[in-house]
Amino acid sequence: MRLNKHLSFTLILTLLTLASYSQSNDAEYSPGKSGYYLFPIKPGYRNTLAGTMGELRSNHFHTGIDIRTESRTGLMVQAAADGYVSRIAVSPYGYGNAVYITHPNGHISVYGHLEQFTGELADYIRQEQYRKQQFDIDLFFRKGQFDVKKGDTIAYSGNSGGSGGPHLHFDIRDRNNKPLNPLHYGFNEVLDQTPPVAEKLAITTLNKNSRVNGQFGREVFTLRRVGNDYVIDKPIEVTGEVGIEIYAYDKLDNARFRCGINEMVLDVDNNMVFKQDITTFAFGEQRNILKHMDYRELRNTGERYHKLFVDDGNELQFYTTDAHKGRLHFNSLAEHPAKILMTDSYGNQSQVTFSLKSLPSAPDDIKAYGHEANGIYLKENTLVIKADLNNKELPAAVSVYLPEEKDLTPDYTINGNVGVYLWDMRDGLPFSVDINGKNTEVNYKDMIPAGSSYKYYSELIDISFTQGDLFDTLYLQTDYQYDSVANKEYFYIGDTDVPLRSYIGVTLKPQIPYKDADKYAVYLLTERGAAYYKGGDWNYDKISFSTRDFGRFTILKDVNPPTINPIKVTRNELRFKIYDDRAGIKEFKCWVDGSWVLMNYDYKTNLIWSEKLDPKKPFTGEVKVVVTDNSNNEKEYITKIN
């Protein structure tokens, strides 16, 4: 079976336009031109992108390009090359409606966020959804079932799934399902002569004895632009082992979007110490982005910094480094020129130049603007305690309790009136910190090694770690609070600035009774108080769940069913808005005159709408819609169409 082609006149016109376009624009075209693949949206016409391969997202690298569709849905999506449809996925999340085509060269092209499929393929998918009586579907095909030719219209562009606006997500993957950069295969439709942009550079200490401009921690420097390049005018003083981070992104011509930079090279003293080349990666490596980026900075500011060194636990394979994995350590007093060269997919380049002045030892007192008085936070293996001095001659009285008391002396001071105390967590886990007589509980309970299974048990919380859950050694914090006014329990687990590679198992042991426990579930609370459903299974008076986030958890009751509001109920179309205010939608079903009806779902707009098996057959009789939430509360809506 062959998919429908669009009108031959349109195809011929497009091909003629493409040929003419290619001949007249070779000079401005990117390297790696092959001609094997056709641009899937309006080939031969100028377009722009909203995202590129390797772009940093919140928890993954972007795997292809996001092609703009004129801020609307319904544009023809054309097969990039000959092949056959090997997979169809339909989901309200992720890629939404997606087509996968396998090509003779072994590559797979992927087309995501589609509005609808075409021809016999669309009919087949709809029949399977009706046969299985479900909206979500994942179908696989063999060669010969749905063969396609280059330029065939396979679908229409949309905004389905996790899309933030109408566009086409387009991947090219190798035979091992690893993503490849589509821009390496030559598309004249996208023009880019704009080099990457850099805004900020950060230098971070990598052990207790390291300093940046005399301080332990992380210091950010704003870059000054000079033409297409960037500089820091004043040398940066460093002591001990440090790492470089950069906040940078790529911009394409005539586009406002911040895209990914595929290649970055860090040179120090005219020697390459670190290189990243995001040409490809395995989907199983995606979670490592949380160690590629500065995770704490991502959470606190939303800015996505590239670390130009390989951090502990980072298993990504697209790095080339020196023997120290990009970590810098200088043994003598000297100034070291440094350069970061950034190259985008089209070969446009820009660079950041700066210098590092190495000091064999840091001063005991430094001058700095601003400080965090009485602050306590963990950085890697070091607990940082900042405390106001009693006076400029006497240090603050600072102790840690392990539970035995350990009095500390400042490692250095800031402006002569703030003491900075650094405690190596490998020397013991503090339960509390005392600053000038004020005791603060930090509640470090256990040191969990990475790379092995581990069980943590307590009277209130049990946690199960498997071999791959942690990126690095975890200094586990737990705490419990009971709000007697609201009659709510709060369970605190871990540090929200520490990422997890995969899900850990948690069992909470409530201290108050929960009548009708099947209506109670675990929720993760954000700093603003929003509650996100985590679920959980009750076993007598304990509830177990899994999470990939640390934070504050509570147990909430949900007895309110979802809401169903009819938008359109006619003989030709059914459309409803469905919503649940707590646990979230679990499933929805619709019947007309006793027969199941396919309802499409867009969680972004809370809409469900009908798709008939037989478009010519009108809806008549009783219409029944049932929506169930994750706490199994059920709402039913019944009406009648004459």
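Everything numeric in this text was worked out from a predicted model, so none of it was measured.

**Considerations on the overall build of the protein chain**
1) Next: Scanning the protein chain for helices and strands turns up four helices and 52 strands.
2) Next: For the C-alpha atoms alone, the extent of the protein chain along its principal axes is close to 90 × 70 × 35 Å.
3) Next: Counting over 642 residues, the protein chain shows a buried share of 53%.
4) Next: For the protein chain, contacts bridging at least 24 residues in sequence account for 67% of all contacts bridging at least 6.
5) Next: When the 74 positive and 84 negative side-chain charges of the protein chain are each reduced to one mean point, those points stand 6 Å apart.

**A closer look at the side chain of glutamine 286**
1) Next: The topology assignment puts glutamine 286 in the loop between β20 (271-277) and α3 (289-292).
2) Next: Separated by 2.8 Å, the side chain of glutamine 286 and the backbone nitrogen of phenylalanine 61 make a polar contact.
3) Next: Leaving out residues up to four positions away in the same chain, glutamine 286 has contacts with Asn59, His60, Phe61, Thr63 and Phe281.

**What about the nonpolar core?**
1) Next: The biggest cluster of nonpolar side chains holds 63 residues, and the ones touching the most others in it are Val85, Ile88, Val99, Tyr111, Ile154, Leu574 and Phe588.
2) Next: With 46 residues, the next largest nonpolar core counts Phe221, Ile232, Ala248 and Leu316 among its residues.

**Notes on the environment of lysine 640**
1) Next: Note on placement: lysine 640 falls in strand β52 (residues 634-641).
2) Next: Measuring from C-alpha to C-alpha, the distance between lysine 640 and valine 592 comes to 8.7 Å, with 48 residues separating the pair along the chain.

**Quick word on the packing of aromatic side chains**
1) Next: If you walk through the whole model with that rule in mind, you get 24 aromatic pairs.
2) Next: Seen from their ring centres, phenylalanine 170 and phenylalanine 187 are 6.3 Å apart, and the 65° between their planes marks the pair as edge-to-face. You can see phenylalanine 170 sitting in strand β10 (residues 167-173) and its partner phenylalanine 187 sitting in the loop between β11 (179-180) and β12 (197-205), a full 17 residues away along the chain.
3) Next: When its relative accessible area of 0% is taken as the criterion, phenylalanine 170 is described as buried.
4) Next: Stacked on the ring of tyrosine 603, the Lys or Arg lysine 604 has its end atom at 5.6 Å from the ring centre.
5) Next: Above the ring of phenylalanine 619, the side-chain terminus of lysine 612 is found at 4.8 Å from the ring centroid.

**What about the environment of lysine 542?**
1) Next: With respect to the helices, strands and loops of the structure, lysine 542 is situated in strand β43 (residues 542-547).
2) Next: When its relative accessible area of 36% is taken as the criterion, lysine 542 is described as partly exposed.
3) Next: The sequence separation of lysine 542 and leucine 508 amounts to 34 residues, and the corresponding C-alpha distance is 5.8 Å.
4) Next: Excluding residues that lie within four positions of it along the chain, lysine 542 makes contacts with Thr507, Leu508, Lys509, Pro510 and Asp537.

**Side note on the pairing of strand β39 (residues 504-508)**
1) Next: For β39, the tally of buried residues reaches four of five residues, placing the bulk of the element in the interior.
2) Next: Both strand β36 (residues 461-465) and β39 contribute to a ladder of four bridges, which runs antiparallel. When the sheet's bridge partners are listed, isoleucine 463 is paired in β39 with valine 506.
3) Next: Two elements, β39 and β43, share five bridges in a ladder whose sense is antiparallel. Of the residues in β43, the one forming a bridge with leucine 508 is isoleucine 543.

**Quick notes on the pattern of salt bridges**
1) Next: Summed over the entire model, instances satisfying the criterion amount to 32 salt bridges.
2) Next: Overlapping salt bridges, with partners in common, bring together Glu241, Lys291, Lys307, Asp311, Asp312 and Arg327 in one network.

**Re the sheet that holds strand β38 (residues 488-493)**
1) Next: The six strands lie next to each other as β34-β37-β38-β44-β40-β41, forming an open sheet whose pairing is antiparallel. Of all strands in the sheet, those with a lone pairing partner are β34 (444-448) and β41 (531-535), marking the two edges. The mean inter-strand angle of the sheet, taken between neighbouring strand axes irrespective of direction, is 30°.
2) Next: Here β38 pairs with strand β44 (residues 551-557) via four bridges, running antiparallel. Among the inter-strand pairings, tyrosine 492 is bridged to a residue of β44, identified as arginine 552.

**Examining the layout of surface pockets**
1) Next: What the second largest pocket holds in volume is close to 620 Å³.
2) Next: Along its surface, the second largest pocket is lined by 27 residues, and Asn97, Glu115, Gln116, Asn600 and Trp609 are the ones closest to its centre.
3) Next: The set of elements that each furnish at least two residues to the lining of the second largest pocket consists of β6 (108-117), α2 (119-132), β49 (598-602) and β50 (607-611).
4) Next: Classifying every residue of the lining of the second largest pocket by side-chain character gives 10 nonpolar, 12 polar and five charged.

**A closer look at the sheet that holds strand β18 (residues 242-249)**
1) Next: Reading across the sheet, the four strands line up as β14-β12-β18-β21 and stay open at both edges, with antiparallel pairing between neighbours. Edge positions in the sheet fall to β14 (218-222) and β21 (306-307), since each of these pairs with one other strand and no more.
2) Next: Sheet topology note: the β12/β14 ladder contains five bridges and is antiparallel. Of the residues in β14, the one forming a bridge with isoleucine 203 is glutamate 219.

**A few points about α2**
What sets the pattern is the α-helix's 3.6 residues per turn: residues three or four places apart point alike.
1) Next: Here α2 contains 14 residues, and its C-alpha end-to-end distance of 20 Å stays within 8% of the 20 Å for a straight helix at 1.5 Å per residue.
2) Next: For α2, the full list of buried residues reads Leu121, Ala122, Ile125, Arg126, Glu128, Gln129 and Tyr130.
3) Next: The inward-facing, buried residues of α2 abut β4 (83-90), β6, β7 (137-140), β48 (595-596), β49 and β50.
4) Next: Positive backbone phi, at 50°, marks glutamine 133, one or two positions downstream of α2.

**Side note on the side chain of histidine 167**
1) Next: Take histidine 167: it is sitting in strand β10.
2) Next: Within the structure, histidine 167 has its side chain in polar contact with the side chain of aspartate 66 (distance 3.5 Å).
3) Next: What histidine 167 contacts, discounting residues up to four positions off in sequence, is Asp66, Ile67, Thr69, Gly112, His113 and Gly158.

**Concerning the pairing of strand β28 (residues 398-401)**
1) Next: Here β28 runs beside strand β29 (residues 405-408); their pairing, made up of four bridges, is antiparallel. What sits directly across from serine 399, in β29, is aspartate 407.

**A short note on the confidence of the model for the protein chain**
1) Next: On average, residues of the protein chain score 93 in pLDDT, and 93% of them are at 70 or above.
2) Next: Here residues 1-33 is a poorly scored stretch, pLDDT under 50, and it has 61 contacts once near neighbours within four places are set aside; other chains count.

**So, the environment of aspartate 136**
1) Next: Within the secondary structure, aspartate 136 is located in the loop between α2 and β7.
2) Next: Considered as a pair, aspartate 136 and glycine 302 are 166 residues apart in the sequence and their alpha carbons are 32 Å apart.
3) Next: Every residue in contact with aspartate 136, bar those within four places of it in the chain, is listed here: Val90, Ser91 and Pro92.

**Overview of unusual backbone geometry**
With the exception of glycine, the majority of residues adopt a negative phi angle, and the majority of peptide bonds are in the trans configuration.
1) Next: For asparagine 177, which is not glycine, the phi torsion reads 70° and is therefore positive.
2) Next: A residue is classified by how much of its surface remains accessible, and asparagine 177, at 32% relative accessible area, is partly exposed.
3) Next: Look at asparagine 270: it is not a glycine, yet its phi comes out positive at around 65°.
4) Next: For asparagine 270, the location among the structural elements is in the loop between β19 (263-268) and β20.

What counts as what
Residues numbered from 1 in each chain as written. Predicted model: local features only at pLDDT ≥ 70, side-chain atom pairs only at ≥ 80, totals over all residues. Heavy atoms only, no water. Helix = DSSP H or I, 4+ residues; strand = E, 2+ residues; numbered from the N terminus. Buried < 20%, exposed > 50% of the residue type's maximum accessible area, 1.4 Å probe, protein only. Contact = heavy atoms within 4.5 Å. Lys, Arg positive; Asp, Glu negative; His and termini not counted. Charge placed at Lys NZ, Arg CZ, Asp CG, Glu CD. Polar contact = N/O pair within 3.5 Å; in protein donor to acceptor, adjacent residues only side chain to side chain. Core = buried A, V, L, I, M, F, W, Y, C linked by side-chain atoms within 4.5 Å. Phe/Tyr/Trp six-rings, centres within 6.5 Å; stacked < 30°, edge-to-face > 60°. Lys NZ or Arg CZ within 6 Å of the ring centre and 35° of its normal. Pairing = 2+ DSSP bridges. Salt bridge = Lys/Arg side-chain N within 4 Å of Asp/Glu carboxyl O. Axes fitted to C-alpha atoms, helices over the stretch in contact; angles between N-to-C directions. 1 Å grid on protein atoms, 1.4 Å probe; cavity = no way out; pocket = protein on both sides within 12 Å on 5 of 7 lines; lining within 4 Å. Points joined across faces, edges and corners; volume = space filled by probe spheres on them. Nonpolar A, V, L, I, M, F, W, Y, C, P; charged D, E, K, R; others polar. Expected span 1.5 Å × (residues − 1). pLDDT = per-residue confidence, 0-100.

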